[in-house]
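# A closer look at the structure
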Amino acid sequence: MILVAVGVGTTVVNLAGNKIIADHAKKQITDRHGHHDVEYEKHCQVANSTTAELESLGHKQQAALDDVLPRMKAFAERNERQLRILAREIVDGGDAPTNRKIDASPDISGPGAVPSALAGVGSAVAGNWLSGAAYVAVAKFATASTGAAINTLSGAAARNAILAAIGGGAKAAGGGGIAAGVLRLNVITAIPAAALTVGLMIKSKSDADKAVAKYDVDVKKAIATYKHRNTLLRGVDRRVDELRDVLAGLVSQAGEALRHLEATEREPGGFNLDNDNHAHRLQTALLVAKGVGDIATATVVNPDLTLDPNGEYLVVKYRNYNPEQANG
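Attention in this report is confined to the structure presented alongside it. (Residues numbered from 1 in each chain as written. Predicted model: local features only at pLDDT ≥ 70, side-chain atom pairs only at ≥ 80, totals over all residues. Heavy atoms only, no water.)

## Observations regarding unusual backbone geometry
We note that L305 has phi near 75 degrees; this positive angle belongs to a residue other than glycine. In this fold, L305 is placed in the loop between α6 (276-296) and α7 (309-318). A residue is classified by how much of its surface remains accessible, and L305, at 10% relative accessible area, is buried. Phi at N320 is positive, roughly 55 degrees, even though this residue is not glycine. Among the secondary structure elements, N320 is positioned in the loop between α7 and α8 (323-327). (Helix = DSSP H or I, 4+ residues; strand = E, 2+ residues; numbered from the N terminus. Buried < 20%, exposed > 50% of the residue type's maximum accessible area, 1.4 Å probe, protein only.)

Here's what the structure looks like:
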């Protein structure tokens, strides 16, 4: 009865201790994941906003291509005899860059179950294991007070002989007998079992701390990545604004240049490339139309969220664009 009580007692303590350790670790991991989710949600909002801006720019780029270049092409075709080579060089239109959605996948998954390092935090029934080992060892190697090997006995005779042997031998032979065997077996069980229970709980705490620490590192790394991406995305937003403004200016200039160019067809004799004024209008329209094509097909951002360097060049080139200076 005492033997059972010791085994159960150490098991209960071990189970209770490990549950406290595991619950505390789960709470720490859940808290950290909650912090991660807040930062990830912020990142998603930034990414979704940038995606919307890129898609809006894409619509404007495609509209510019569909509006300006076909008009330039149509003019060249109407005046094919004078502009035969030019008609072949002017494209029918174009396509704005695609794949504008920003990937905002999380860098870590949800906490789910406690990390695998905590999976081993379980109960260790140390008392039962130790008492069983002592019992089996005596049964295998000791002899009863009658001189017979205990491993040749069975039933109550074997059990009493084992306990008497553990107690120092039969009382008739000067030993402590069965009662002393029970007491000693419980001492053998209780002291190491209690020590093992504490040791296993310390190991469980260490494993839990390592699991929490690793998850903490993962969360901090993920949050740092989100913040870095947010910085890059703010740069993308600024580039989108620049390209949108430059494109709007070029489309306006192109519309005016094309109206002036198309007006030459309504003059007596129609468009004449040998007319310096007509040639100048053609050159202006071509330069601005090329600018529209360049900006409308410009790639804004690379897959790693860095800005495409050609975009900056185009912004500088076509901001406040003056085709007269380009002509010169």
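## Some thoughts on α7
Residues of α7 that are buried: G311, L314, V315 and Y318. Relative to the axis of α7, the buried residues are bounded by an arc of 100 degrees and lie together on one face. Turned more than 90 degrees away from the buried face of α7 sit P309 and V316, all of them exposed. The N-capping residue of α7, defined by a side-chain oxygen 2.9 Å from the backbone nitrogen of N310, is D308. Once α7 ends, the next one or two residues include N320, with phi positive near 55 degrees. (Arc of directions from axis to C-beta. Polar contact = N/O pair within 3.5 Å; in protein donor to acceptor, adjacent residues only side chain to side chain.)

## Details of the environment of A263
Locating A263 in the fold gives a position in helix α5 (residues 177-263). When its relative accessible area of 21% is taken as the criterion, A263 is described as partly exposed. Residues A263 and R281 lie 18 residues apart in sequence; the distance between their C-alpha atoms is 9.8 Å.

No statement about biological role is implied by the geometric values presented.
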